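Here are the chains, one letter per residue:
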Amino acid sequence: MSGGAVAVPYVGRAEHRATVAAAFAEPGHVLLICGEAGVGKSSLVAAERTGATTEVLEGACLQLAGQPLALAALEQVFDARGGWPESADAPEQQSAEQRLRAIRSWADALVPAGAATPTTIVVEDLQWADETTCDFLVYLASTAARRRLSLVITLRDDETPRVARVQQACADLARLPGARNIALQRLGLDDARELVALLTGSAQVDVGAWFERSQGNPYLLGELVRDPGARRVKDVLLARVNALGPDAAELVRLAAVFGLWVADAHLHTASVLPPGRYARAVREAVDVGVLVVEGADYAFRHSLMCEAVLAQLLPIERRILHERAALALADRTADDVVTAVAVSVHWEAAGMPERAAEWCLRAARKARSLNAFAEAWGHYQRALEFGRHAPGTGSLDLVVEAADAARLGGDPAAAAALIEEALRTGSVRGAERATALERLGCFLWEAGLTARSQTAYAQAAEALDTEVTACHAQVWGAMARGAFIMAEFDDAVRLSDRAVEAAREHGTTAVLADALTTRGTAGVIQGDAAALDVLREGVRLARDVTDRAVLCRSYANLMVAYEYSGMPNEACAAALEGLALLPEYGLELAVGAALACNAANLLTRRGRYVECEQLLAGLLDGRVLQGQGLHLHLERAELQLRMGDGAAARASLEAAAPLRDADEPAVVAAMATATAELLLQQQDHDGCYRTVDEALRRLASTQDRHFGVEVAWIGLRNEAERTGVPGRAGPAATARIDRLAAVLDGLDPGADADMDLAAFSRSARNELARLRGTADAAGWAGAVRLWRAAERPREEAYCLLRQAECHVSARQRDKAAAAASEARSVAGRLGAAPLVAEIDALRARTRLSAAPAPRVPAEERPYGLTDREYEVLALLGTGATNRQIARSLFISDRTVGVHVSRVLHKLQVTNRAQAAAVAAKVAR
């Protein structure tokens, strides 16, 4: 620990002491104690730890030679439980999702939920933490209540962390309910006077000069009391060290090279002193107060003293002492990542990079076996950096191994760059080159560089040998996946057929499941009814694959396939089942983000805005996403636009800005539709048209007609809003309308179109007729029927609005009132504020009566529900709160509460979730 034993009496800070004492008495506390070195963080913890009634586990983050010693704190904590939990997964089966599951399994092994004895975990010096330690502590803190756990963490805030995740972890911890941030300040003059009186045994001492020189820092003040003659801070810190004899002084310098603490056996081995002299030197360092005894280890009395000793060493002394430390540790090596890292750092500091490379590689592979991928990637980087000095550390196999760690650690761009560099400088051929290029294509895709990804896949195919192997299955499957992403469905089918055949003969279950997923989905989109069974086979196989990324992708595609097959209920079921696969931090996984995006999009289309809002808030709030995770910002922008929050939508689009240059048709269309919709709501008609026009040009070569038709529809709506009077467009407007009409003609859906495409096309055609003054109620009614069959309520309500407009023009006011009321009911239930406003404006402008929307006949209403109770049940099914229900039905919150109670009673259920489940069944 950075503080060692309690060095001086603890004075003042009564409120802080009570807060820390509570964390050692009961579960549920999360404390982050911040302050400069020597201000009393560790002393505060130690003072209250003595009265703990909880079980206490302790660990400290460490640094060595200026580098954080990754996983040091976790190793100390797990040692108290008998060591790290064993990983059930073989190295070749690892994935990013496995790392995240490992964090949960570690937490369950350390402090299982509902433990009989409450536990307090103390972690010191978070400023030296690594990414995995931060992730683990945040996860523990977020589940502290159910684990009957308290966390006490200290942080030196006068030192910038070497790992950016530390600052994010502090922010994550601060957001948790009940978390406390204790910021320790230096002592005031009165507290300083009390401390000096306790240390000297006299209240008559003049503390003014000491207080001025220490500036109220408790540790420095205590050292000044011991050596009043010290003039500089350095002198204060080294006063005890300077009093040591030669052997003890040399031993202290060696101990400082080991770090804040060192095992007795390692210090003895490295010291080369005979046992008697070694024992006397250690005794002298302990008696003077430089070192303190902690079990079988020695620790510096304070980290500031250790740092001062290190600062005094000459470069040659550092190298010699680091070599002795490395030899001592390597001679008594434990099979743990922290020791491997420490040895590698010592060899590096000793100026022996070839030996450092060997130990870096050991550390990397051990960290990877623990699923600590970010830390493994750091060690691989150091191993490769030293690789020119050590045989076997610069091979392509090692480069690919290291790149995979980078990708699993959340940096696919770095993974791709590493392989590209190795392929440029090496002369690799055949299957080895093909495998490396396939990995490169995967990493480039995850980094959002789809065009370069496809190029890498094509180069991998060129490098394949003539005899078909498992490598062929993997490369062809990757190429098929890339073609599918780019909506090149003919190529996707051709390549996935080859991949499936090769995988059945030579490949793994994971490769086969992935190829079947691509083949089935591409076939469904092309109208092949039998392809759905192919996809289902892929999903079944994916369930048995350890790499859950394959299963995430299969579910993401299954939703899409059900949508194309006109099976909306099955699509929703797949979405909810797929969402259950996402781990707490599943967005770090590219296909996890894709699965979440598809599920969010499905909920939005079905009009389940509240559920989607909650889902996206849970996935996005408080997180900084990259790569595929950025797509979730697009989904949120679309939802916010539908709900009328333009400012939030603009912010979401800005967060998704890196996707603007993406080549994938689905991304081009999503970015364009959201941007154009925002500009349309802001009445920026020129900007809206430019967005639509550019997107249509970029989508011109894609086989998927959905994208172009949807974008064209927004463009036509924009022109209709801009023109105002049907049939009276000027020359410029006519040119724009003709351009959009030509696009529609080129995207004619044909008789075999799926329901969504048919509905988009009919709606766009109606919008064109609206512009030309030829729209009629029958045309819009046809669109209403299509959207209703597709279960797209927002689009249905919009077309009902246009149908009502046509009835008004035809002077059919009763029909207009009915259509407008039905549109208002649907839009209000959804919470589609812009559409509600437009409908209300039509009603006000045309003075339409608020005709009641069609109600479900009493004989069709289950459980004896009244009309109003049935409406409340329907809204409960969307996850709406009482306030949201009240707003939709124009009744008070109290009235809603009464209706909800009656609904629960009639359904014989006990909570809203159960009522929502009944609502889902009733709606079928």
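What counts and what doesn't
Numbering of residues starts from 1 in every chain and runs along the sequence as written. It should be noted that, the model being predicted, local features are given only for residues of pLDDT at least 70 and side-chain atom pairs only at 80 or more, the latter also being counted only at that level, while totals for whole chains, interfaces and linings use all residues. Only heavy atoms go into the side-chain values, all of them from the structure, while hydrogens and water stay out. Where helices and strands are cited, they refer to DSSP runs of H or I of at least four residues and of E of at least two residues respectively, numbered from the N terminus. Only protein chains enter the accessibility calculation, which uses a 1.4 Å probe. A residue is then buried if its area is under 20% of the maximum for its type, exposed if over 50%, and partly exposed in between. We call two residues in contact whenever any of their non-hydrogen atoms come within 4.5 Å of each other. When a carboxyl oxygen of Asp or Glu lies within 4 Å of a side-chain nitrogen of Lys or Arg, that pair is called a salt bridge. A score between 0 and 100, pLDDT records how confident the predictor is in each residue. We define the nonpolar core as a collection of buried residues of types Ala, Val, Leu, Ile, Met, Phe, Trp, Tyr and Cys that are connected through side-chain atoms lying within 4.5 Å of one another. Whenever a helix is involved, its axis is fitted only over the stretch in contact; in every case the axis is a line through C-alpha atoms, and angles between N-to-C directions fall within 0 to 180 degrees. Note on angle classes: values under 35 degrees are labelled roughly parallel, values over 145 roughly antiparallel, values of 65 to 115 roughly perpendicular, and the remainder oblique. Note: crossing handedness is left-handed where the near helix turns anticlockwise from the far helix by less than a right angle, and right-handed where it turns clockwise. Pairs of strands are assigned from DSSP output, requiring at least two bridges between the strands. To estimate the expected span of a helix, subtract one from its residue number and multiply by 1.5 Å. The pocket and cavity definitions rest on a 1 Å grid over protein atoms only: a 1.4 Å probe that fits but cannot leave marks a cavity, an open set with protein on both sides within 12 Å along at least five of seven lines marks a pocket, and residues lining either have an atom within 4 Å of a point. Grid points are joined across faces, edges and corners, and a volume is the space filled by probe spheres set on the points. In this count, Pro and Cys sit with the nonpolar residues alongside Ala, Val, Leu, Ile, Met, Phe, Trp and Tyr, while Asp, Glu, Lys and Arg are called charged and the others, Gly among them, polar. The directions from the helix axis to the C-beta atoms form the arc being described. Residues enter patches when their relative accessible area tops 30% and they take part in no salt bridge; the joining distance is 9 Å for like charges and 5 Å for the nonpolar side chains Val, Leu, Ile, Met, Phe, Trp and Tyr. Areas reported as accessible are Shrake-Rupley estimates using a 1.4 Å probe. Residue values count occlusion only from the protein chains shown. When two rings of Phe, Tyr or Trp (its six-membered ring) have centres within 6.5 Å they constitute a pair, described as stacked for plane angles under 30 degrees, edge-to-face for angles over 60, and tilted for the intermediate range. When the NZ atom of lysine or the CZ atom of arginine is within 6 Å of a ring's centre and also within 35 degrees of its normal, the charge is said to sit over that ring.

## A short note on the overall build of the protein chain
Secondary structure summary: the protein chain contains 46 helices and 10 strands in total. When each of the 924 residues of the protein chain is scored for burial, the buried share is 56%. Restricting to contacts in the protein chain with at least 6 residues of sequence separation, those with at least 24 account for 67%.

## Let's talk about the pattern of salt bridges
For the structure shown, the criterion picks out 54 salt bridges. We note a salt bridge from Arg 81 to Glu 55, for which the minimum N-O separation is 2.7 Å. Placement of Arg 81 in the loop between helix H3 (72-79) and helix H4 (96-110) and of Glu 55 in strand E2 (residues 55-60) is noted, with a sequence separation of 26 residues between them. Several salt bridges share partner residues, and in doing so they unite Glu 563, Arg 605, Arg 606, Glu 638, Arg 642, Asp 756, Arg 792 and Glu 795 into one network.

## Re the confidence of the model for the protein chain
The share of residues in the protein chain with pLDDT of 70 or more is 88%, and the mean pLDDT across the chain is 83. Note on residues 1-7: pLDDT under 50 across the span, and 23 contacts to partners over four residues away in sequence or across chains. With pLDDT under 50 throughout, residues 584-589 is counted as low confidence; its partners more than four residues away or in other chains account for 24 contacts.

## A look at the nonpolar core
Grouped together as the largest cluster of nonpolar side chains are 153 residues, with contacts concentrated most on Ile 121 and Phe 300. The element that contributes the greatest number of residues to this core is helix H12 (residues 246-258), accounting for nine residues. If you look at the next biggest cluster of nonpolar residues, it comprises 104 residues, including Ala 487, Ala 596, Ala 669 and Val 743.

## Observations concerning the packing of H12 against helix H16 (residues 315-331)
At a closest axis distance of 9 Å, the pairing of H12 and H16 adopts a crossing angle of 70°. The orientation of H12 relative to H16 falls into the category roughly perpendicular. When you trace H12 past H16, the crossing you get is right-handed. Two secondary-structure elements touch here, H12 through Glu 250, Arg 253, Leu 254, Val 257 and Phe 258 and H16 through Leu 321, His 322, Arg 324, Ala 325, Ala 328 and Leu 329.

## Concerning the sheet that holds strand E10 (residues 297-300)
Pairing within the open sheet is antiparallel, and its three strands lie in the order E8-E10-E9. In this open sheet, the two strands that pair with only one neighbour each are strand E8 (261-263) and strand E9 (291-294). Across this sheet, the average inter-strand angle for adjacent strands is 25°, counted without regard to direction. Sheet topology note: the E9/E10 ladder contains four bridges and is antiparallel. Note that in E10 the partner of Val 292 across the bridge is Ala 299.

## Brief notes about the environment of Ala 804
Along the polypeptide, Ala 804 turns up in helix H40 (residues 793-809). Ala 804 gets classed as buried once you look at its relative accessible area, which sits at 0%. With 11 residues separating them in the primary sequence, Ala 804 and Lys 815 have C-alpha atoms 7.1 Å apart. Leave out the neighbours within four places in its chain, and Ala 804 touches Ala 816, Ala 819, Ala 820 and Leu 842.

## Looking at helix H25 (residues 489-505)
With 17 residues, H25 should cover 24 Å at 1.5 Å per step; its first-to-last C-alpha distance of 24 Å lies within 8% of that length. Among the residues of H25, Phe 489, Ala 492, Val 493, Leu 495, Ser 496, Ala 499, Val 500, Ala 502 and Ala 503 are the ones counted as buried. Packed against the buried residues of H25 are helix H24 (470-485) and helix H26 (509-525).

## Brief notes about empty space enclosed by the protein
Here the structure, examined in full by the defined rule, presents three cavities of 30 Å³ or more. Space inside the largest cavity adds up to approximately 1,400 Å³. The wall of the largest cavity is formed by 49 residues, among which Asn 598, Asn 601, Glu 635, Ala 666 and Phe 707 lie closest to the centre. Taken together, the residues of the lining of the largest cavity sort by class into 25 nonpolar, seven polar and 17 charged.

## Here we look at unusual backbone geometry
Not every positive phi belongs to a glycine, and Val 272 is a case in point at roughly 55°. Considering the arrangement of structural elements, one finds Val 272 in the loop between helix H13 (264-271) and helix H14 (275-288).

## Quick notes on the environment of Leu 603
When you line up the elements, Leu 603 lands in helix H30 (residues 590-605). Placed 275 residues apart in sequence, Leu 603 and Thr 878 show a C-alpha to C-alpha distance of 9.6 Å. Discounting residues that sit within four places of it in the chain, Leu 603 has contacts with Arg 608, Glu 611, Cys 612 and Leu 615.

## Details of helix H8 (residues 189-200)
With 12 residues, H8 ought to run about 16 Å at 1.5 Å a step, and its terminal C-alpha atoms sit 16 Å apart, in line with that. Inspection of H8 places Ala 192, Leu 195 and Val 196 among the buried residues, and these make up the whole buried set. In a view along the axis of H8, the buried residues occupy a sector of 100°, so they form one face of it. Gly 201 lies just past H8 and shows a positive phi near 75°.

## Things to note about a nonpolar patch on the surface
A cluster of nonpolar side chains, namely Leu 314, Ile 316 and Ile 320, defines an oily patch on the protein surface of about 270 Å² accessible area. Following the sequence through the fold, Leu 314 ends up in the loop between helix H15 (303-311) and H16. A residue is classified by how much of its surface remains accessible, and Leu 314, at 49% relative accessible area, is partly exposed.

## So, the sheet that holds strand E5 (residues 119-124)
Strand pairing in a sheet is mediated by backbone hydrogen bonds. Such pairs are either parallel or antiparallel. Taken together, five strands build an open sheet; the order of strands is E2-E5-E6-E1-E7 and the sheet is parallel. Each edge of the open sheet is held by one strand with a lone partner, namely E2 and strand E7 (179-183). Geometrically, the sheet is characterised by an average inter-axis angle of 15° between neighbouring strands, direction not taken into account. Pairing geometry for strand E1 (residues 30-35) and E7, over five bridges, is parallel. If you follow Leu 31 over to E7, its bridge partner there is Arg 180.

## Some points on the packing of aromatic side chains
The full count for this structure, using the stated rule, is 11 aromatic pairs. The interplanar angle of 65° and the centroid separation of 5.0 Å between the aromatic rings of Trp 84 and Trp 106 together place this pair among those described as edge-to-face. One end of the pair, Trp 84, is in the loop between H3 and H4; the other, Trp 106, is in helix H4, and 22 residues separate them in sequence. As far as burial versus exposure is concerned, Trp 84 and Trp 106 are alike and both buried. A ring pair is formed by Trp 713 and Trp 787, whose centres lie 6.0 Å apart and whose planes are at 15°; its orientation type is stacked. Remark: Trp 787 occurs in helix H39 (residues 777-790) and Trp 713 occurs in helix H36 (residues 705-723); sequence separation between them is 74 residues. For the pair shown, Trp 713 and Trp 787 are each scored as buried. The lysine or arginine in question, Arg 362, covers the ring of Trp 359, its NZ or CZ lying 4.0 Å from the ring centre.

## Section: the pairing of E10
Relative to E10, E8 is paired through three bridges, and the arrangement is antiparallel. Following the sheet pairing, Val 262 is matched in E10 by Tyr 298. What sits between the antiparallel neighbours E9 and E10 is a turn of two residues, in which Gly 295 has the positive phi angle 65°.

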